[in-house]
Amino acid sequence: MKKKILSLLVTMGLAASLVPVSVFADGTEVWDGSVAESFAGGKGTKDDPYQIATGSQLAYLGESMKSGTYGEKFQDTYFELTEDIDLGGKEWTPVGETVADLIMGGHEYFVFSGNFDGNGYIIKNLTIGTETSPYIGDVCGLFGATSGTIEDVVLENVSINYVGGNHSSGYGFRMGGALVGYSMGDIVNCTVIGLDMKAGSDGSYVAINSIGGLVGVQDGDTTVSHSRVSGKIEESTKKGNVGGFVGTLAKGSSAKYCGADVSVEVTGNGRGIAVGGFVGIGNGVTIDETLIENCYATGNITGAEYAGGFVGNISGLNISNCYAKGDVSNCFVGASFLGTDAASNNYYGTVKNCYATGLVSDISSSAYAFAMQSTMERSKFENCYYNAENTADAAESALPYAIDDMKKGEFTDKLGSEVWTKLDNDTPACGAEPADYSNVYEVLGNIPADLSIYTDESVANLYSAVEALRGYRDLAQQSDVDKMTNDINDAVEALVYKSADYTELDKAEEAAKALNKDDYEDFSAVEKALAAIDRTKNITEQADVDAMVKAINDAVANLVKKTPASSQPDIVSSSDASSDTSSSASDSSSSDSKSDSSSKAASNASNTNPSTGVAGGAFALALLSGAAVVMAKKKK
C-alpha cells in the first residue's frame, strides 16, 4: 500500500512536499530492455486480468501481438498494471504497431483489441525514436493501434521522435500520439505529463497525417473522456493536422471532459496544415454525433498555416461548453478559437457556449478574434465570447468580453451555470479541470504509520480503499473523488486494534485459581485481583494487562497459611483417676521415662529445623500431644 500511496502522491504532484525523497529509493525497477516470457499473473478474464508489473512484462505484451496471424489480437481479453513501470528511456516499439493495411482494405495489420487498465499506476520515461534515428511506422505511441478500451493509464516524461511510415501501396501514413496512434476504442481517465514530441517526415506523400498529444486519430464511433495531456509538440513539415490533444476526431467520435496544456510549434515549407490547441481537424459530415463537449486547451500555437486556439479546422465538429486560453501567432490564418471553417456545407459544424481568452498576432493573411467566419455564414456559432483586447477581425458571430468581466458570476451565468463553474479570480471552469484532492491528502496523512498493531481484516479493508483511489479525476468527477476520500476515511476510522497479549495473565489466573483459599489466613486480595481481570484490552493497553498480572502475582506472594489447629490430650475423669491410682503409681517410673523420651524427641525435632518457624513449633506440639495420648491410654 505504501507504494500505491506514493504513486498517487506523485501523480497528484505532492510527493516532494509530503514524502522524503529517500523513500522513493525502494520504488520502481528500471526496465533493461528485455522481454519477459509471461505476465506476472492472471488469466486474462474480466475478473482475473493478466497482470503486468514490469517493463519486460509490458514488452511481452507487445511481442505477443506479433506472434501468429495478422489481425485484431486479444479480443475480450483483459490486462492490468499492478506496479509503476520505469521504461528507463529504452527504445519502445508500440503495442499493435501497424494498421495501414486495415485502412487500405487489407489484412496485414496488428491491432490491440484487448482492454487495458492502468489502475492509476505510472509508466514513465517512454521513449520512441530519437532525433538522430526517428521512429518509422504508420502508427506511433505506447499503443500503435487499438480497438479495445484503454483506461487509467498515466504516462510521465514521454519522448517521441516520429516520421511516419510507408504502405506497400506507396502511400505514407503518420498517425501518432503519446498514448495511442490510431484508436478505434474508448479511452477513459488517461493522462500524459511531460510530453516532448517531434513529428517530421521522410519526404513521401502521406495519405493520413495526424498528430495529437494523447491520440493521433480517434475513430470508429468511440469516445475519449476525462483525459488530459501536457507538454509540447514540434511539427517540422507544415503538413497534416496537429492537435494538442487529438489530431483528428473522426466521424461519429467524441471527446468529453478532456484538456490539453500543450504548446504546438510548426516549422517547414509545406502547405495545408491545420493546428488546434485541442484538436487539429474533424473528419466527418455534418452529423450531431461528432462531438466535443466540456473540454479546454491552454497551449500557445505558432507557425501553422491554419491555426485556432482550440480547433484548426472544424470539418463537421459540434463543439459546446469549451474554451481556449492559448495565444496564436506567426500563422497564415489564425484565430483565438477556430482557425478555419469548413469549405463545404457537407462539413459545417456548430460552436455553442464557448469562449477564448488568447490573443492573435503576427498573422500573415487573415486574423480573427474568435473564428474564421467573415466571408459567408457557414458553421453555426451561438453564445460565444472572445477577449476584448484582441485587435483581429471581429466580424464573426461572437462577442468581445473583458477578461476581468469573464471572471464574474454574470459571465458564468451567460454561459450556463448548470454546466459551468465560477472560480475564484479566474474565468469559468467547464468541468474538465482537476478535481479538488485536498481532502484526499488529509485522509492519506491520517493513515497510521504502524499498521501492524491493527487486525488483519481491518487493515485489508484499508488496503482495498487505498487501492481503489485514483488520481487525475476532474471537476465533473468530484463526487467520485469525495467517495474515494470517504471510503479511505471510513476505513481508517474502522481500524481495529489487535487484542493485548494475555499469555502471562492466563498463567497467573490459572495458578491463583488452583489454590485452596481455606488454606490461607486471608484470600481476599487474590479474589479482588482475579475479579479485576478485564479481557477487553487492546494492544495499546498492554500495560494495563501487565498490571493485572502483577496484582495477581503480588496477592499470591503475600498469602499467609493458616496454623493447623493443635490436638488436646484426653481428659481423664476423677473416677478413672482414683481407680487407677495404684496402677499409675506402679507405672509412674515407666511413664516418666517415656515422657522424657518424648520431650527430648520434640526438642530434637524443633532444634533440627529451626528455620521452619511456626511450622516447626506445630510439629513439636503434635509430638507432645501424641505422647500425652499414649500416656492417657496406658493409664487406662
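Here the structure is a predicted model, which means the values were calculated and not measured.

Looking at the overall build of the protein chain
Okay, so step 1: Along its length, the protein chain carries 15 helices and 43 strands.
Okay, so step 2: Classification of the 636 residues of the protein chain by burial places 48% in the buried group.
Okay, so step 3: Put simply, of all contacts in the protein chain between residues at least 6 apart along the chain, 79% involve residues at least 24 apart.
Okay, so step 4: Here the protein chain has roughly 28600 Å² of accessible surface; of this, 48% comes from carbon and sulfur atoms.

Regarding the confidence of the model for the protein chain
Okay, so step 1: Scored by pLDDT, the protein chain comes out at a mean of 86, with 83% of its residues at no less than 70.
Okay, so step 2: Taken together, the stretch residues 13–26 has pLDDT below 50 and engages in 15 contacts with residues farther than four places along the chain or on a different chain.
Okay, so step 3: Considering only residues more than four positions removed or in separate chains, one finds that residues 570–636, a stretch of pLDDT under 50, has 19 contacts.

Focus: the nonpolar core
Okay, so step 1: Counting 91 residues, the largest nonpolar core has F116, F278, I292, F310, F337 and F370 as its most contacted members.
Okay, so step 2: In contact with F116, other than residues within four places in its own chain, are I52, L58, L61, F79, L81, F143, T149, I150, E151 and V153.
Okay, so step 3: Among the nonpolar cores identified, the runner-up in size contains 19 residues, and A435, V443, L451 and L495 belong to it.

Considering the environment of K483
Okay, so step 1: Here K483 lies in helix α9 (residues 478–493).
Okay, so step 2: Residue class for K483 comes out exposed when judged on its relative accessible area of 52%.

Topic: the packing of helix α10 (residues 503–513) against helix α12 (residues 542–557)
Packed helices, taken two at a time, are described by their axes: the angle between them and the distance between them.
Okay, so step 1: Viewed as axis vectors pointing N to C, α10 and α12 meet at an angle of 25 degrees, and their least axial separation amounts to 9 Å. On the basis of the axis angle, α10 is roughly parallel to α12. Our pair here, α10 against α12, has a crossing hand that is left-handed. Across from E504, L505, A508, E509 and A512 in α10, the residues of α12 making contact are V545, M548, V549, I552, N553 and V556.

Some points on helix α8 (residues 456–467)
For an α-helix, the turn length of 3.6 residues means that residues three or four places apart are oriented alike.
Okay, so step 1: When the terminal C-alpha atoms of α8 are compared, their 16 Å separation across 12 residues agrees well with the 16 Å that a helix rising 1.5 Å per residue should span.
Okay, so step 2: Those residues of α8 lying buried are S458, V459, L462, A465 and V466. Buried residues of α8, seen end-on, are gathered within an arc of 115 degrees and therefore sit on one face of the element. Turned more than 90 degrees away from the buried face of α8 sit D456 and E457, all of them exposed.

Side note on the pattern of salt bridges
Okay, so step 1: With the rule as written, the count across this model stands at 19 salt bridges.
Okay, so step 2: Of the charged contacts in the structure, one is a salt bridge between E97 and K66, with a shortest N-O distance of 3.6 Å. Residue E97 is located in the loop between β4 (85–86) and α4 (100–103), and its partner K66 is located in the loop between α3 (55–65) and β2 (71–73); the two are separated by 31 residues in the primary sequence.
Okay, so step 3: Owing to a relative accessible area of 25%, E97 belongs among the partly exposed residues under this scheme.
Okay, so step 4: R228 is the salt-bridge partner of D474, the closest N and O atoms lying 3.9 Å from each other. Of this pair, D474 sits in the loop between α8 and α9 while R228 sits in strand β20 (residues 228–235); the two residues are 246 residues apart in sequence, bridging distant segments of the chain.

Cut-offs used in this document
- Residues numbered from 1 in each chain as written.
- Predicted model: local features only at pLDDT ≥ 70, side-chain atom pairs only at ≥ 80, totals over all residues.
- Heavy atoms only, no water.
- Helix = DSSP H or I, 4+ residues; strand = E, 2+ residues; numbered from the N terminus.
- Buried < 20%, exposed > 50% of the residue type's maximum accessible area, 1.4 Å probe, protein only.
- Contact = heavy atoms within 4.5 Å.
- Areas by Shrake-Rupley, 256 points an atom, 1.4 Å probe, with all protein chains shown as cover.
- pLDDT = per-residue confidence, 0-100.
- Core = buried A, V, L, I, M, F, W, Y, C linked by side-chain atoms within 4.5 Å.
- Axes fitted to C-alpha atoms, helices over the stretch in contact; angles between N-to-C directions.
- Parallel < 35°, antiparallel > 145°, perpendicular 65-115°, else oblique.
- Left-handed = near helix turned anticlockwise from the far one by under 90°.
- Expected span 1.5 Å × (residues − 1).
- Arc of directions from axis to C-beta.
- Salt bridge = Lys/Arg side-chain N within 4 Å of Asp/Glu carboxyl O.

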